[in-house]
Amino acid sequence: QVLVVGCGNSELSEQMYDVGMCEDIVNIDISDAVIRQMQERSGSKRPKMSYLLMDVLQMDFPDAHFQVVLDKGTLDAVLTDEEEATLAKVDKMFAEISRVLQVGGRYFCVSLAQTHVLKKAVKYFSQEGWVVRVHQVAGSGDKQQFVLPVFVYVMTKFRKIPGSAPQILEICPEEQDKPMRVESVERLVAAVKDRQHYALLCSQLSKTPCGEQVSLDLCDKESGRPRYTLHVVDSPSVKPSRDNHFAIFIIPQGRETEWLFGMEEGRRQLATSAGFGRLVTVALHREQHYEGMAGIQAELSGKVMELAPPGLPARQQVPFLSVGGDIGVRTVRHRDTSPLSGEYVVEDVKGDGTCYFRRLVFLCNRNVVQSEARLLARTPLAGQKKRRKDKKKPGPAEPPAAIDKSYLCCEHHKAMVAGLCLLGGPDPVPGALLAVLVVGLGGGSLPLFVHDYFSQAHVAVVEIDPSMLEVATRWFGFSQGDRMRVHISDGLDYVAKLAAEGTILQSIPAQYDAIMFDVDSKDLTVGMSCPPPAFVEKPFLQKVKTILKPEGVFVLNLVCRDTQLKESVLATLREVFPLLYARCIEGEVNEILFCQPSPEGRQDPTELGARAQALEGALRQPGRPWDSSYVLADMLQAVKIL
């Protein structure tokens, strides 16, 4: 027995009757004209179906009379606002539906799921102890007249259990999916909102090209965690033809942070180079497992077609592109949580070609590589023969484990090292003691490089998070010794203490030749992610100047997207340090600032070039197994810019 409330002149009841779904259907409505019209229309054709003039707020049926109550849009029509009188009317409607429905029966409500409507229905029936499930039955991909998706609330009546019984709330995003349990009304409402926003986005993208890049996450059905991050990039300069409307680009695992894939300008260049009017880039998340390129293509094909551009020919095949034809290699080596840095991972990824890299990533800012080191390639042992090539396609190679300490992966680290050519004296390196302070350890690549290249360097490293020292030592080949010491301390406190005491270490002069700041900010609300704002305040910078030799250099890694804030930082630095050089890193937000305490330290370009050559000569000491020519190239570039 089915009750249809607020039937209007809809054909739904007639269609259910005609296809044999059910025949014992009672339809009610408060409009006398509608009821007469529907009685005449059905007449003798549907003898078991009836139409009655009745108000859903006060029904004449006995208790527990129906197995099903069906509502197509009536709740949406009644609950137009959240005024007290309206809410009282809805409460009466729900109470009457509950009264006439049997235990185990279901209330089906077809709705566009406005937030206040969904929240009211879900809260009311879940508090009554009913099981609540929300189905999405029509989405933006359907050829329908609505832009917004259509939902059906399925409320299953249970006897109310005294006390606080757990709420059962579920959402079923698409018809073929099994329902997912959610923990609260708020989470259920948020999940519906996500699908509504997505439908609006798809509708917009299907009609006009997007001026700005659009990004969205597709989440795993089981865990709810992001599985794919998609960026939709339109290229107005590409002349459309039948075969270049639309393509999907799968970014290999571990390469999503590269400029070409991780920055808006890079993705725009990628889309233009690929020659497609619309390119959707797809980044893969580290917490997920993927079954190769074919598996990803099968999983994404239906969803990405909802993002197709206007004018895409019918049955057009959409190509899936990538670099090297595979999805890359990412191996999580270590995962932990630090009280100071939050959740982090150490992972090995395959770069372009055969190189592997080890990375430290803070998951609070998962698209930024905190530290990176190149891994040494495995070499066969003496007398060991190479295996014959197998005809089968080999699986992903196991990444090497040894760290290549001679190689600086980060461009800003290369620039920071190149800044040492600003140190005073005709020959700043050979024979002379070099006192260096590095604030911010990370994986330890920067202090380790300075220590290994400059045999006279004494390096003091300040790191606030003891977990990072453990990570650097265990995973990045970092070690302490006579010329390398790590101090677990807040960099602000450490510098302030040195400035107050006027000493550094017993074996090192009272001031530093070079001070390097490479410390990130945990506050993502500020437009400056490196360093924290307190590190560039004038009183603190004056303390930095106090512990720096007159001919020394203070090197600062600045990452600031806020133009006004950046200008303020530069102005403060100039107040403290009369001589300031700036070096932008191409394709990155990083800008390396070289500050010197005396205007007399201004360098003659010829002398600076000679000094860079001398520094390069010192780096090429006999017995060094690595090629340091890239350091010279960066130094000469720095000289040219300065």
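Everything below is about the structure printed above this text.
As the structure is a prediction and not an experimental result, all values here were calculated from the model. Sequence order as written defines the numbering, with residues in each chain counted from 1. Reporting in this predicted model follows two pLDDT cut-offs: at least 70 for local features of residues, and 80 or more for side-chain atom pairs to be given and counted; totals over whole chains, interfaces and linings ignore these cut-offs and use all residues. Just so you know, side-chain values use all the structure's heavy atoms and leave hydrogens and water out.

(A) Examining the sheet that holds strand β12 (residues 246–250) more closely. The strand order across the open sheet built from five strands is β10-β11-β13-β12-β14, with neighbouring strands paired in mixed fashion. Two strands close off the open sheet at either side, each with one partner strand: β10 (214–219) and β14 (320–322). Within the sheet, the average angular offset between the axes of one strand and its neighbour, ignoring direction, is 25°. At least two bridges found by DSSP between two strands are what make those strands a pair. Going along the chain from the N terminus, every DSSP run of H or I of four or more residues is numbered as a helix, and every run of E of two or more is numbered as a strand. Pairing between β10 and strand β11 (residues 226–234): six bridges, direction antiparallel. Each bridged residue has a counterpart across the sheet, and for L216 the counterpart in β11 is L230. Note on contacts: a residue pair qualifies if any of its non-hydrogen atoms lie within 4.5 Å across the two residues. The convention used is that axes are lines fitted to C-alpha atoms, helices contributing only their stretch in contact, and that angles between N-to-C directions extend from 0 to 180 degrees. Those strands touched by helix α6 (residues 185–207) are β10, β11 and β13 (278–284), and its axis lies near 135° from that of β10.

(B) Quick peek at the packing of aromatic side chains. Two rings from Phe, Tyr or Trp (for Trp, the six-membered ring) form a pair when their centres are within 6.5 Å of each other. A pair whose planes differ by under 30 degrees is stacked, one over 60 is edge-to-face, and the rest are tilted. Enumeration according to the criterion identifies 15 aromatic pairs in this entry. Here F535 and F540 contribute two aromatic rings whose centre-to-centre distance is 5.4 Å and whose plane-to-plane angle is 75°, an arrangement assigned as edge-to-face. Here F535 matches F540 in class, with each residue buried. Members of the aromatic cluster, each reached through a chain of ring pairs, are F94, Y107, Y124, F125 and W130. Cation over ring: R374 sits above Y407, and NZ or CZ is 3.8 Å from the ring centre. Throughout this description, buried means an accessible area under 20% of the type-specific maximum (1.4 Å probe, protein chains only), exposed means over 50%, and partly exposed covers the range between. We count a charge as sitting over a ring when the NZ of a lysine or the CZ of an arginine lies within 6 Å of the ring centre and within 35 degrees of the ring normal.

(C) Up close: empty space enclosed by the protein. Put plainly, a pocket is an open set of points on a 1 Å grid over the protein atoms alone with protein on both sides within 12 Å along at least five of seven lines, a cavity is a set where a 1.4 Å probe fits but cannot get out, and a lining residue has an atom within 4 Å of a point. Grid points are joined across faces, edges and corners, and a volume is the space filled by probe spheres set on the points. Throughout the structure, instances matching the rule amount to one cavity of 30 Å³ or more. Where the lining of the largest cavity is concerned, the elements lending two or more residues are β18 (371–374) and α11 (445–453). Among the elements that make up the lining of the largest cavity, the one with the highest residue count is α11 (three residues). When residues are sorted by character, Ala, Val, Leu, Ile, Met, Phe, Trp, Tyr, Cys and Pro go into the nonpolar class, Asp, Glu, Lys and Arg into the charged class, and all the rest, Gly among them, into the polar class. Along the lines of polarity and charge, the residues of the lining of the largest cavity split into six nonpolar, one polar and three charged.

(D) Representation of the pattern of salt bridges in the model. By definition here, a salt bridge exists when the distance from a side-chain nitrogen of Lys or Arg to a carboxyl oxygen of Asp or Glu is within 4 Å. Overall, the coordinates contain 29 salt bridges when judged by the stated rule. When the shortest N-O distance is used, the salt bridge between E23 and K48 registers 3.3 Å. With E23 in the loop between α1 (12–18) and β2 (25–29) and K48 in the loop between α2 (32–42) and β3 (50–53), the pair connects residues that are 25 residues apart, well separated along the chain. When its relative accessible area of 55% is taken as the criterion, K48 is described as exposed. Across the pair D404 and R374 runs a salt bridge whose closest N-O atoms are separated by 2.8 Å. With a gap of 30 residues between them, D404 in the loop between β18 and α10 (411–418) and R374 in strand β18 connect regions that are remote in the sequence. On the basis of relative accessible area, R374 is assigned to the partly exposed category, the value being 23%. Members of the salt-bridge network, linked through shared partners, are E14, D18, R41 and R46.

(E) Quick peek at unusual backbone geometry. In this chain, C530 is followed by P531 through a cis amide linkage whose omega measures -5°. Of note, A64 is a non-glycine position whose phi angle comes to about 55°, a positive value. For A64, a relative accessible area of 39% gives the class partly exposed. Residues other than glycine seldom take positive phi values, yet A113 does so here, at roughly 60°. Looking at where A113 falls in the secondary structure, it is placed in the loop between β5 (101–111) and α5 (115–127).

(F) Region of the structure containing the sheet that holds strand β17 (residues 356–362). Spatial strand order, β15-β16-β17-β18: four strands in an open sheet with antiparallel pairing. On the outer flanks of this sheet lie β15 (330–338) and β18, each paired with one strand and no other. Here the average twist between neighbouring strands, direction ignored, is 15°. Contacting β15, β16 (342–350) and β17, helix α12 (residues 466–475) crosses the sheet at an angle of about 20° to β16.

(G) Broad picture of the pairing of strand β19 (residues 434–439). Within β19, six of the six residues are buried, leaving the element largely enclosed by the surrounding structure. Neither face of β19 is exposed, since L434, V436 and V438 on one face and A435, L437 and V439 on the opposite face are all buried. When β19 meets strand β20 (residues 457–463), the two strands line up parallel, connected through six bridges. Among the inter-strand pairings, V439 is bridged to a residue of β20, identified as V462. A crossover links β19 with its parallel partner β20, the connecting element being α11, and its sense is right-handed. Pairing of β19 with strand β22 (residues 512–517) involves four bridges; the strand directions are parallel. Crossovers are described as right-handed under a simple rule: with the strands pointing away from the observer, the path leading from the first strand over the helix to the second runs clockwise.

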